[in-house]
Amino acid sequence: MDEGLKVIPLPTNLGDFNEDGHLDLVVTQDNSLALYLGRGDATFDPAILFVVGIDDVAKLSLGDLNGDEHLDLVAVDHVDSATPACLFLFLGDGAGGFQVESFSSGMGHYGLAVGDVDGDPFQDIVTMHFGFEYRIWHGDGNGGFVVDVVQDSEGHTNGSLSVADLNQDDLMDLVVAPRNRRGATIRLSDGNGGYGLPVQFPYGGPPRETTKVTLADFNED
């Protein structure tokens, strides 16, 4: 790989962006995203850089946001609570190239996730922000969005975010690991792009902040 790669490149993600059957690696690198096309033998081609136009890419997520069956990238920046933030959409062409679009996105981001949260069934985006706020970006299947703003006065918006169907109703629910609490918070989808009240799942242990949430079937049921 390029010797300029950061020692701890955060965030990172994996996907087959040129559709050759090999996983590719995308990482943040200064004010750019660096795409390393995989060769299928645990090695990668030199980085292809895509300038984002911001200094601090906070989160990355993947999905098909415009319904063309090519993998797209979503990136958000992390700025302070008084500075407007941006969401960047990298629409993949299936050959490792992207068309970049940007959207104003309220104040700084804490979390980012992609999934169909309103059952329509187009891919949507969920962002978490300073100021106890979620934004639900309802996708139209063509790369456009209608944004709903959801307030959370209890402050469950400042940590890691994931989406998954937790109660087997074919709807994507929100899971947050708030940094100011030990444990996880779950909000179940109502099927219309809205969510119920937060349900907390605390845990014991040392007084440390929760910084990451990962979802998987650990008991194989």
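Residues numbered from 1 in each chain as written. Predicted model: local features only at pLDDT ≥ 70, side-chain atom pairs only at ≥ 80, totals over all residues. Heavy atoms only, no water.

Pairing is antiparallel across the open sheet formed by 4 strands, whose spatial order is E1-E2-E3-E4. Whereas interior strands pair on both sides, the edge strands pair on one side only; in this sheet they are strand E1 (12-15) and strand E4 (48-51). Averaged over neighbouring strand pairs, the angle between their axes works out to 25° when direction is ignored. (Pairing = 2+ DSSP bridges. Helix = DSSP H or I, 4+ residues; strand = E, 2+ residues; numbered from the N terminus. Axes fitted to C-alpha atoms, helices over the stretch in contact; angles between N-to-C directions.)

Positionally, Asn18 belongs in the loop between E1 and strand E2 (24-29). Accessibility expressed as a relative area gives 18% for Asn18, which makes it buried. Leave out the neighbours within four places in its chain, and Asn18 touches Asp24, Leu37, Gly94, Ala95 and Gly96. (Buried < 20%, exposed > 50% of the residue type's maximum accessible area, 1.4 Å probe, protein only. Contact = heavy atoms within 4.5 Å.)

Asp120 connects to Pro121 through a cis peptide bond whose omega is 0°. Following the sequence through the fold, Pro121 ends up in the loop between strand E9 (109-115) and strand E10 (124-129). Even without being a glycine, Ala42 presents a positive backbone phi close to 70°. Within the fold, Ala42 resides in the loop between strand E3 (32-36) and E4. When its relative accessible area of 72% is taken as the criterion, Ala42 is described as exposed. A positive phi angle, close to 65°, is found at Asp170, a residue other than glycine. Within the element layout of this structure, Asp170 appears in the loop between strand E13 (159-164) and strand E14 (173-178). Given the relative accessible area of 70%, Asp170 is considered exposed.

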